[in-house]
Amino acid sequence: SVSRTTFTWGVPVPGPPPPDGLSHVMYVWLDALTNYLTALGYPDTEAADFRSFWPASLHVVGKDILRFHAIYWPAFLMAAGLPLPKRVFAHGWWMNEGEKMSKSVGNVVDPVALVQRYGPDPVRHFLLSDVTFGADGDFSEKKLVESSNAKLANELGNLAYRTLSFTQKQCGGAVPAPDAFSEDDLQLLAEAAALLPQLRTHVDSMALHRYSQGVSGLASAANRYIDVQAPWALKKSDQARMRTVLYVLIEVLRHLALYSQPVTPRIGAALLEQLGVPEGGGRSFAAVGEGSALQPGQPLPPPRIVFQRIEDADEAEGGGEAPPPAAAALTAALTAAEEAALVAEVGAAGERVRSLKASGAGSEEVGGAVATLLELKARLPPDHELNAKPAKKKKSKAAKA
């Protein structure tokens, strides 16, 4: 039945009173769901909006009202002889520290305040990367800060600044001219160009979290590449190879900036600006691939950090109460396996610092490596042996004498 008689509030059924003598009102979901149509001009099926936007390509709803959209609504449309939405996707709930958000409980997160505090890009990135899209997710400001620092500040931001600042000093502030590409160079460039079809597949299948993870995977590959190729060491031994490595990194950064725009548009635009890519077609996905590569000799603006680490509220857009330290979030949740993996990362970072110092690398490269090492150590429990301060050596009596 499309009407109800057990209550009187609602839209009265038009026409003469029914034979049963009862007062009928329209079933609330029939009344509500038809708004999707009437907002487009229905029942005028020739209306411009109706012809353009119906049937919907994708209908996104909350999982608690999926029944009404996946069973009742198609039945209503079929009865009216109207086409059905092409897809219906039900998303999950955001929990707050493990509890479902509720006004009565008072644990609802204000998204406007969140954006004012941290800026839109970190919030967008967290919501579209840290939880499987469609499943329930547990929101936590600690997780948001940790994710922003790890992925946006360290993985992407630090890579961009290291590359562009070194290029500014060693290549006269311009895109370097590459020499012959090695197998590693070609592999990374191919990985950057081949990522776009994969990202489109993730979006088409509503696996939006995989989009962010795909971009992060390319950034990780570029970080491994710069560590292995070590352009700061090549500066002394093979400058032609150094320029080639920097060119590859700049080209991968261009792709990372292009791919970042749907999720973190401000960061993507800032990075494209630093690469000297003007607004327009050069910032669209049509520019993916070597056909739109930056030309050697093209001037590069002075480098700047595209995303600052969130240490406290003063460094977050909008100010406000300081968020809990990212390190606290990590140390509180580390499993034995995670701690072992982190210890291995600390060891690798320490080895990199020692290698840079031994090769006579500049203070900037060494300083960046030391900062990475300290950050990794900060993620270990405070009482971990790697965080213990070395004991001061006592002077022997002979030495005193």
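Model, not experiment: these values are computed from the prediction.

The rules behind the values
- Residues numbered from 1 in each chain as written.
- Predicted model: local features only at pLDDT ≥ 70, side-chain atom pairs only at ≥ 80, totals over all residues.
- Heavy atoms only, no water.
- Helix = DSSP H or I, 4+ residues; strand = E, 2+ residues; numbered from the N terminus.
- Buried < 20%, exposed > 50% of the residue type's maximum accessible area, 1.4 Å probe, protein only.
- Contact = heavy atoms within 4.5 Å.
- Areas by Shrake-Rupley, 256 points an atom, 1.4 Å probe, with all protein chains shown as cover.
- Phe/Tyr/Trp six-rings, centres within 6.5 Å; stacked < 30°, edge-to-face > 60°.
- Core = buried A, V, L, I, M, F, W, Y, C linked by side-chain atoms within 4.5 Å.
- Salt bridge = Lys/Arg side-chain N within 4 Å of Asp/Glu carboxyl O.
- Axes fitted to C-alpha atoms, helices over the stretch in contact; angles between N-to-C directions.
- Parallel < 35°, antiparallel > 145°, perpendicular 65-115°, else oblique.
- Nonpolar A, V, L, I, M, F, W, Y, C, P; charged D, E, K, R; others polar.
- Pairing = 2+ DSSP bridges.
- Polar contact = N/O pair within 3.5 Å; in protein donor to acceptor, adjacent residues only side chain to side chain.

Account for the overall build of the protein chain, naming residues and giving values.
Each helix and strand in the protein chain was counted, giving 16 helices and seven strands. The 401 residues of the protein chain split such that 40% are buried. A sequence separation of at least 24 residues applies to 70% of the contacts in the protein chain between residues at least 6 apart. Per element, the accessible surface of the protein chain, about 21,600 Å² overall, is 57% carbon and sulfur.

Could you give an account of the packing of aromatic side chains, with specific residues and numbers?
For any pair of aromatic rings, the description rests on two quantities: the centre-to-centre distance and the angle between the ring planes. Scanning all chains against the criterion turns up eleven aromatic pairs. Judged by centre distance (4.2 Å) and plane angle (10°), the ring pair of Trp-29 and Phe-68 falls under stacked. Taken together, the positions of Trp-29 in helix H1 (residues 28-33) and Phe-68 in helix H4 (residues 66-79) put the pair 39 residues apart, joining distant regions of the chain. Taking 5.8 Å as the distance between ring centres and 80° as the angle between the ring planes, the aromatic pair formed by Phe-126 and Phe-139 counts as edge-to-face. Linking Phe-126 in helix H6 (residues 120-127) with Phe-139 in strand S7 (residues 137-139), this pair joins segments that are 13 residues apart in sequence.

Give a detailed account of the nonpolar core, specifying residues and quantitative values.
Counting 71 residues, the largest nonpolar core has Leu-218, Val-252, Leu-253, Leu-256, Tyr-259, Leu-271 and Leu-275 as the members making the most contacts within it. Tallying contributions element by element places helix H11 (residues 239-260) first for this core, with 13 residues. When neighbours within four sequence positions are excluded, Val-252 is seen to be in contact with Leu-188, Leu-189, Ala-192, Leu-218 and Ala-222. In terms of nonpolar packing, the next biggest core, distinct from the first, is built from 14 residues, Leu-30, Phe-68, Trp-73 and Leu-77 among them.

Outline the pattern of salt bridges, supporting the account with residue identities and numerical values.
Scanning all chains against the criterion turns up eleven salt bridges. Glu-141 serves as the salt-bridge partner of Arg-117, at 2.4 Å between the closest nitrogen and oxygen. One end of the pair, Arg-117, is in helix H5 (residues 111-118); the other, Glu-141, is in helix H7 (residues 141-170), and 24 residues separate them in sequence. Residue Glu-155 is joined to Lys-151 by a salt bridge in which the shortest nitrogen-to-oxygen separation is 3.6 Å. Placement of the pair is Glu-155 and Lys-151 together in helix H7, with a separation of four residues, close to one helical turn.

Describe the packing of helix H8 (residues 183-204) against helix H9 (residues 208-229), listing the residues and the values that go with them.
Closest axis-to-axis distance for the H8/H9 pair is 9 Å, and the angle between their directions is 170°. Viewed along their axes, H8 and H9 adopt a mutual orientation that is roughly antiparallel. Residue-level contacts link Asp-184, Asp-185, Leu-188, Glu-191, Ala-192, Leu-195, Leu-199, His-202 and Val-203 of H8 to Leu-208, Arg-210, Tyr-211, Gly-214, Val-215, Gly-217, Leu-218, Ala-221, Ala-222, Tyr-225 and Gln-229 of H9. Here the residues of the contact of H8 with H9 sort into twelve nonpolar, four polar and four charged.

Tell me about the packing of H6 against H7, and please be specific about residues and values.
In the contact formed by H6 and H7, the axes pass within 9 Å of each other and the chain directions differ by 100°. In terms of axis orientation, H6 runs roughly perpendicular to H7. On H7, the residues that touch Asp-121, Pro-122, Val-123, His-125 and Phe-126 of H6 are Lys-143, Leu-144, Ser-147, Ser-148, Lys-151 and Leu-152.

Please provide a residue-by-residue account of the sheet that holds strand S6 (residues 99-100), values included.
Strand order in the open sheet made by the three strands is S6-S5-S7, with mixed pairing throughout. With one partner strand each, in any of the chains shown, S6 and S7 form the two edges of the open sheet.

Could you give an account of the pairing of strand S3 (residues 59-62), with specific residues and numbers?
Strand direction decides the pairing type here: S3 and strand S4 (residues 88-91), joined by four bridges, are parallel. When the sheet's bridge partners are listed, Val-61 is paired in S4 with Ala-90.

Go over the side chain of Ser-140, please, and point to the residues and values.
By the secondary structure assignment, Ser-140 is in the loop between S7 and H7. Residue class for Ser-140 comes out buried when judged on its relative accessible area of 5%. A polar side-chain atom of Ser-140 sits 3.1 Å from the main-chain amide nitrogen of Lys-142. For Ser-140, the contacting residues outside a window of four places in its chain are Glu-97 and Phe-126.

Which residues make up unusual backbone geometry, and what values go with them?
Here the amide bond leading from Tyr-42 into Pro-43 is cis, since omega sits at 20°, within 30 degrees of zero. The omega torsion of the bond from Trp-54 to Pro-55 falls at 5°, within 30 degrees of zero and hence cis. Mapped onto the fold, Pro-55 is located in the loop between helix H3 (48-53) and S3. A positive phi is found at Met-206, a non-glycine position, where the angle reads about 60°. Examined against the element boundaries, Met-206 turns out to sit in the loop between H8 and H9. Unusually for a residue other than glycine, Ala-230 sits at a positive phi of about 50°. Topologically, Ala-230 is positioned in the loop between H9 and helix H10 (231-237).

So what's going on with the environment of Asp-185? Which residues, and what values?
Position of Asp-185 relative to the elements: it lies in helix H8. For Asp-185, a relative accessible area of 0% gives the class buried. Ignoring anything within four residues of it in the chain, the contact list for Asp-185 reads Ala-180, Tyr-225, Arg-241, Thr-244 and Val-248. Of the polar contacts made by the side chain of Asp-185, one reaches the side chain of Arg-241; its length is 2.5 Å.

Help me get a handle on H6, residues and values and all.
The element H6 is extensively covered by neighbouring structure, given that six of its eight residues are classed as buried. Taken residue by residue, H6 has Pro-120, Asp-121, Pro-122, Val-123, His-125 and Phe-126 as its buried positions. Buried positions along H6 lie against strand S5 (94-96), H5, S7, H7 and helix H12 (265-274).

That is the geometry; function is a separate question.
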